[in-house]
Amino acid sequence: MSRGDNYAKKRADLFLRIYFRIKLAYEQFLEENRQYDFADMINLAARIVREVPECARGYRYILLDEVQDLSRNRFLLVREILRKNPGCKLFAVGDDWQSIYRFTGSDLTLIQEFEKTFGLKTRRSLIETTHRFGQPTINISCDFIQKNPAQSHKNVSNKKTKPTPIKVVLNAPSVRDNDAESLSIILTELIKTRSYDELKHKELQIISRYNHDIKRIQGVDNIKIEIGQTAGTAKVIWHNPRDSSQVLNLEYCSMHKSKGITRDIVIVLNMNADLMGMPATREADPILDALLAKEDNFAFAEERRLFYVAITRAREETYLIANRKNPSPFIFEISEEIKTAYGKLCPKCGTGELIRKHGKHGDFYYCSNYRFGCNYLKK
């Protein structure tokens, strides 16, 4: 056994010892207080349906919403009800392009292999009309998400004629961990092009990969942040530095919480190539990862779906704020302007910039996405 394997084994053993002590204490607490957590309620319901003959009979229809977020134990409950009702019809609605909750137990294969999973004669109907946004967001977002061949193929359209652009705003070279200046640039430009009277009645949303990204717009005089009652939400009050009488109110939440919402204008913070950027390159702990559903083997598959959610929230415009030195590789995929500005792109991954470097054996090019696994090299 190698040193690395020995370390991993000791770490796993230590984790299990701690875990089982907490688990036993937690279960004892629930039993003594006659309480159930949500997962136990689902598991107990499935067991009761399975074991009690008269339970859950008489159902003719089951409506299953957000099926892309279906976890294994919830699937088992639905399956037990179907078994009790042979003639029951199941109607399920879901979008595998928006499956972003693997960390809470959702299993994407349950929708991707729906017929096999439920063992039913099934007819699929695609919803290919969106009433939220128009072009070019439709083409940009659809092309981006369908680069993963495992995602379902759809031809999305909208009769909306007014464009819904996605714009990239790069921070000044001297600014790295603060997006406040770019936020002010966006809002002052919107006031100039639309007028303040129009903009103050618009629904304005700020979103980011992590809740703590809100710190990227803190510490400046013209922005006040009021933390919301719901965890991970806030109200951002922006004062125009050029006219103190002009005040705009913006909502803030994470990309995960933004799923399902629609706003007029959306601004996305921290679109950077970084450990905690987008895509987040922080590796999941192998112990915890083993407890979750099997991960898609396409690079950053769930992060791609999360970014797809982020760029499809706005009715009118989406803005992406990134650092000039290290913009997200996802931006290179969706923005021809950024591709052109950053020069020749890597022929292997198609998103990274080719960087020239001098080595002891002469000059060579390597890909800026090397930290994300692209090993392209050329002399």
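Worth saying up front: this structure is predicted, and the values here are computed from it rather than measured.

**Considering the overall build of the chain**
Item 1. Summing up its helical and strand segments, the chain has 13 helices and twelve strands in all.
Item 2. Along the longest, intermediate and shortest principal axes, the C-alpha atoms of the chain span 70 × 60 × 45 Å.
Item 3. Taking all 379 residues of the chain together, 44% fall into the buried category.
Item 4. Of the contacts made within the chain by residues no fewer than 6 positions apart, 68% connect residues no fewer than 24 positions apart.

**Let's talk about helix 7 (residues 180–194)**
Item 1. Spanning 15 residues, helix 7 covers 21 Å between terminal C-alpha atoms, matching the ideal 21 Å at 1.5 Å per step.
Item 2. Of the residues making up helix 7, those classed as buried are Ala180, Ser182, Leu183, Ser184, Ile186, Leu187, Thr188, Leu190, Ile191 and Arg194.
Item 3. Looking one or two residues beyond helix 7, the residue adopting positive phi is serine 195, at roughly 95 degrees.

**Notes on helix 6 (residues 137–145)**
Item 1. With seven of nine residues buried, helix 6 is to be regarded as a mostly interior element.
Item 2. Along helix 6, the residues classified as buried are Thr137, Ile138, Ile140, Ser141, Cys142, Phe144 and Ile145.
Item 3. Where the residues of helix 6 are buried, they touch strand 3 (166–170), helix 11 (301–310) and helix 12 (329–334).

**Considering the side chain of serine 99**
Item 1. Along the chain, the position of serine 99 falls in the loop between strand 2 (89–92) and helix 4 (109–112).
Item 2. A polar contact of 3.4 Å, which involves the side chain of serine 99, links it to the backbone oxygen of glutamine 68.
Item 3. If sequence neighbours within four positions are ignored, serine 99 has contacts with Gln68, Asp69, Ser106, Leu108, Glu302 and Arg305.

**Concerning the packing of aromatic side chains**
Item 1. Taken as a whole, this structure holds eight aromatic pairs when the rule is applied.
Item 2. Ring centres of phenylalanine 114 and phenylalanine 118 lie 4.6 Å apart, and the angle between their planes is 40 degrees; this geometry places the pair in the tilted category. Highlighted residues: phenylalanine 114 and phenylalanine 118, both in helix 5 (residues 114–118), separated by four residues, approximately one helical turn.
Item 3. In this structure phenylalanine 118 comes out as buried when scored by relative accessible area, which is 9%.
Item 4. Pairwise contacts between aromatic rings join Phe15, Tyr19 and Phe20 into one cluster.
Item 5. In this arrangement the basic side chain of arginine 209 is found over the ring face of tyrosine 210, its NZ or CZ atom lying 4.4 Å from the centre.
Item 6. The residue whose ring lies beneath arginine 304 is phenylalanine 144, and the NZ or CZ to ring-centre distance is 4.1 Å.

**Overview of the side chain of aspartate 95**
Item 1. For aspartate 95, the location among the structural elements is in the loop between strand 2 and helix 4.
Item 2. A polar side-chain atom of aspartate 95 sits 3.0 Å from the main-chain amide nitrogen of tryptophan 97.
Item 3. Non-local contacts of aspartate 95, meaning those with residues more than four positions away in its chain, are made with Gln68, Ile111 and Lys154.

**Examining the environment of valine 309**
Item 1. One can find valine 309 in helix 11.
Item 2. In this structure, valine 309 is in contact with Gln98, Ile100, Met255, Ser258 and Lys259, ignoring residues within four places of it in sequence.

**Focus on the environment of leucine 250**
Item 1. With respect to the helices and strands, leucine 250 occurs in strand 7 (residues 247–254).
Item 2. Accessibility expressed as a relative area gives 1% for leucine 250, which makes it buried.
Item 3. It is 25 Å that separates the C-alpha atoms of leucine 250 and alanine 273, two residues lying 23 residues apart in sequence.
Item 4. Once residues within four sequence positions are removed from consideration, leucine 250 is found in contact with Leu187, Leu204, Ile206, Ala234, Lys235, Val236, Trp238 and Ile267.

**Structural notes on a nonpolar patch on the surface**
Item 1. Where nonpolar side chains cluster on the molecular surface, the patch consists of Leu63, Phe91, Val93 and Ile127 and spans about 440 Å² of accessible area.
Item 2. Relative to the helices and strands, isoleucine 127 resides in the loop between helix 5 and helix 6.

**Description of the pairing of strand 8 (residues 263–268)**
Both faces of the sheet carry side chains from a regular strand, because those side chains alternate between them.
Item 1. Counting buried residues in strand 8 gives six out of six residues, a clear majority hidden from the surface.
Item 2. In this structure, strand 4 (residues 204–208) lies alongside strand 8, joined through four bridges in parallel fashion. Of the residues in strand 8, the one forming a bridge with isoleucine 207 is valine 268.

**Some remarks on the sheet that holds strand 11 (residues 362–367)**
Item 1. Read from one edge to the other, the open sheet built from three strands follows the order 10-11-12, with strand pairing classed as antiparallel. Of all strands in the sheet, those with a lone pairing partner are strand 10 (354–359) and strand 12 (377–378), marking the two edges.
Item 2. Looking at chain direction, strand 10 and strand 11 are connected through six bridges and run antiparallel. Residue pairing in the sheet places lysine 357 in a bridge with phenylalanine 364 of strand 11.

**A short note on unusual backbone geometry**
Item 1. Residue proline 136 follows glutamine 135 across a cis peptide bond; omega there is 0 degrees.
Item 2. Each neighbour pair has its own omega, and for methionine 278 with proline 279 the value is 5 degrees, a cis peptide bond.
Item 3. Here proline 279 lies in the loop between strand 8 and helix 10 (286–289).
Item 4. The residue serine 195 is not glycine, and still its phi comes out positive at about 95 degrees.
Item 5. Note that serine 195 resides in the loop between helix 7 and helix 8 (196–199).

Criteria and thresholds
- Residues numbered from 1 in each chain as written.
- Predicted model: local features only at pLDDT ≥ 70, side-chain atom pairs only at ≥ 80, totals over all residues.
- Heavy atoms only, no water.
- Helix = DSSP H or I, 4+ residues; strand = E, 2+ residues; numbered from the N terminus.
- Buried < 20%, exposed > 50% of the residue type's maximum accessible area, 1.4 Å probe, protein only.
- Contact = heavy atoms within 4.5 Å.
- Expected span 1.5 Å × (residues − 1).
- Polar contact = N/O pair within 3.5 Å; in protein donor to acceptor, adjacent residues only side chain to side chain.
- Phe/Tyr/Trp six-rings, centres within 6.5 Å; stacked < 30°, edge-to-face > 60°.
- Lys NZ or Arg CZ within 6 Å of the ring centre and 35° of its normal.
- Patch = residues over 30% accessible without salt bridge, like charges linked within 9 Å, V, L, I, M, F, W, Y side chains within 5 Å.
- Areas by Shrake-Rupley, 256 points an atom, 1.4 Å probe, with all protein chains shown as cover.
- Salt bridge = Lys/Arg side-chain N within 4 Å of Asp/Glu carboxyl O.
- Pairing = 2+ DSSP bridges.

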